[in-house]
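Close look at the chain arrangement
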Amino acid sequence: MLRITEPEYILMKKYIEEHCGIYLEKDKEYLIESRLADLLVETGCGSFQEFHLKARSEDHTGELRDRIVDAMTTNETSWFRDKNAWDYLKEAAVPMLLNLAAETGEASVWSAAASTGQEAYSLLMLLDEAVKERGQPSLLDKIEITGTDISSSALTSAISAQYDNIAIKRGLDREIREKYFHKSGNLWLFDQELKKRVRFEKFNLQNDFIFPDNFDLILCRYVSIYFSDTFKRELFSKMAKVLKPGGVLLLGATESLREFSDDFEISYYKSTVINTRK
Ligand SMILES: C[S@@+](CC[C@H](N)C(=O)[O-])C[C@H]1O[C@@H](n2cnc3c(N)ncnc32)[C@H](O)[C@@H]1O
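My aim in this report is to walk through the structure given alongside it, one point at a time.

Calculation criteria
- Residues numbered from 1 in each chain as written.
- Predicted model: local features only at pLDDT ≥ 70, side-chain atom pairs only at ≥ 80, totals over all residues.
- Helix = DSSP H or I, 4+ residues; strand = E, 2+ residues; numbered from the N terminus.
- Rg over C-alpha atoms; globule rule 2.2 N^0.38 Å.
- Buried ≥ 20, exposed ≤ 12 C-beta atoms within 10 Å, placed from the backbone.
- Contact = placed C-beta atoms within 7 Å.
- Core = buried A, V, L, I, M, F, W, Y, C linked by C-beta atoms within 7 Å.
- Near = placed C-beta within 6 Å.
- Nonpolar A, V, L, I, M, F, W, Y, C, P; charged D, E, K, R; others polar.
- Domains from an automatic or database assignment.
- Pairing = 2+ DSSP bridges.
- Axes fitted to C-alpha atoms, helices over the stretch in contact; angles between N-to-C directions.

Right, let's talk about the overall build of the protein for a bit. Each helix and strand in the protein was counted, giving 10 helices and 10 strands. Against the 2.2 N^0.38 benchmark of 19 Å for 278 residues, the protein shows a C-alpha radius of gyration of 20 Å, consistent with a compact globule. Its C-alpha atoms give the protein principal-axis dimensions of roughly 65 × 50 × 35 Å. Relative to its full complement of 278 residues, the protein shows a buried share of 37%. The long-range share in the protein, meaning contacts at least 24 apart out of those at least 6 apart in sequence, stands at 75%.

Leu 97, Ile 218, Cys 220 and Leu 249 are the most contacted members of the largest nonpolar core, which totals 54 residues. Setting aside chain neighbours within four positions, we find Leu 97 in contact with Ala 107, Val 109, Leu 127, Ile 143, Asp 216 and Leu 217.

Moving on to the site of the ligand. In the vicinity of the ligand there are 23 residues, among which Thr 73, Thr 77, Ala 113, Ser 115 and Arg 221 approach most closely. For the shell around the ligand, the per-class residue count stands at eight nonpolar, 10 polar and five charged. Both of domain 1 (6-72) and domain 2 (83-277) provide at least three residues apiece to the shell around the ligand.

Here seven strands make up an open sheet; going across it, the order is β6-β2-β1-β7-β8-β10-β9 and the pairing mixed. Each edge of the open sheet carries a strand with a single partner, namely β6 (198-202) and β9 (264-269). Neighbouring strand axes in the sheet, compared pairwise and without regard to direction, differ in orientation by 20° on average. Looking at chain direction, strand β1 (residues 107-111) and strand β7 (residues 215-220) are connected through three bridges and run parallel. The residue of β7 that forms the bridge with Trp 110 is Ile 218. Relative to β6, helix α7 (residues 152-160) is tilted by about 165°, and along the sheet it contacts β2 (143-149) and β6. Against the sheet, helix α10 (residues 229-241) touches β7, β8 (243-251), β9 and β10 (272-277), its axis set at about 140° to β8.

The following block contains the structure:
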């Protein structure tokens, strides 16, 4: 594997932060070396300096840039990730969304770092169960779920909604699997009709947030951990602007906006931190 020199690390680190916001600390050379090793070989570059130059000069096509971003992002995810957070979603957020849908005719959710789709589909399964329990299946038509991510390969998987044996097992009970998936060859296919209810799109959280409607719930989980403090501040400020008053921003269990934003009221549901738009 080709080693990266210190000046090359500075160049690549800057490139990566510019294009996806991922901020690499001082000692993360191995991350660039290992994740970009195949791309270096494929592009025929003999050094990271040459690779950086190639990436910069081809920025207008976006192709190499997308592949670098894809390689540098961590798409780790699972079904119903973090029991505590999903207790909140099941017991408080889902009833809130259904009440809004019933009273106002609409409710809107954004899975803002959706990865391969497990987060958005987990919520969709909870909503589906809840509307059936309430005897109001048509309420589901009034709830919009948008899933976005910067990684093209993660989004392709999310849209296909097909999972291998390893991915399907991570966090999914047998009972729910039997209800919402069927097996085809080595893959588990998520309910073909239900999956149409999530609209997936490629979106970089560094972009301006321009959406047709504001959201009632934003799941932005396990992504801000990769960003600099400056970008976190900017991100939470943009999130606040696209949340309806009283809407909730749910972060990962290891993430906090406390130091970065005054736009939210912080409370707890059991041990889960709930950030409610003031
Ligand atoms: C660790 S996964 C978290 C997935 C899911 N939210 C969860 O909690 O299981 C982080 C995701 O953030 C995405 N990501 C990283 N930087 C991003 C950016 N600037 N804009 C949008 N998505 C980004 C990655 O591609 C990756 O899929």
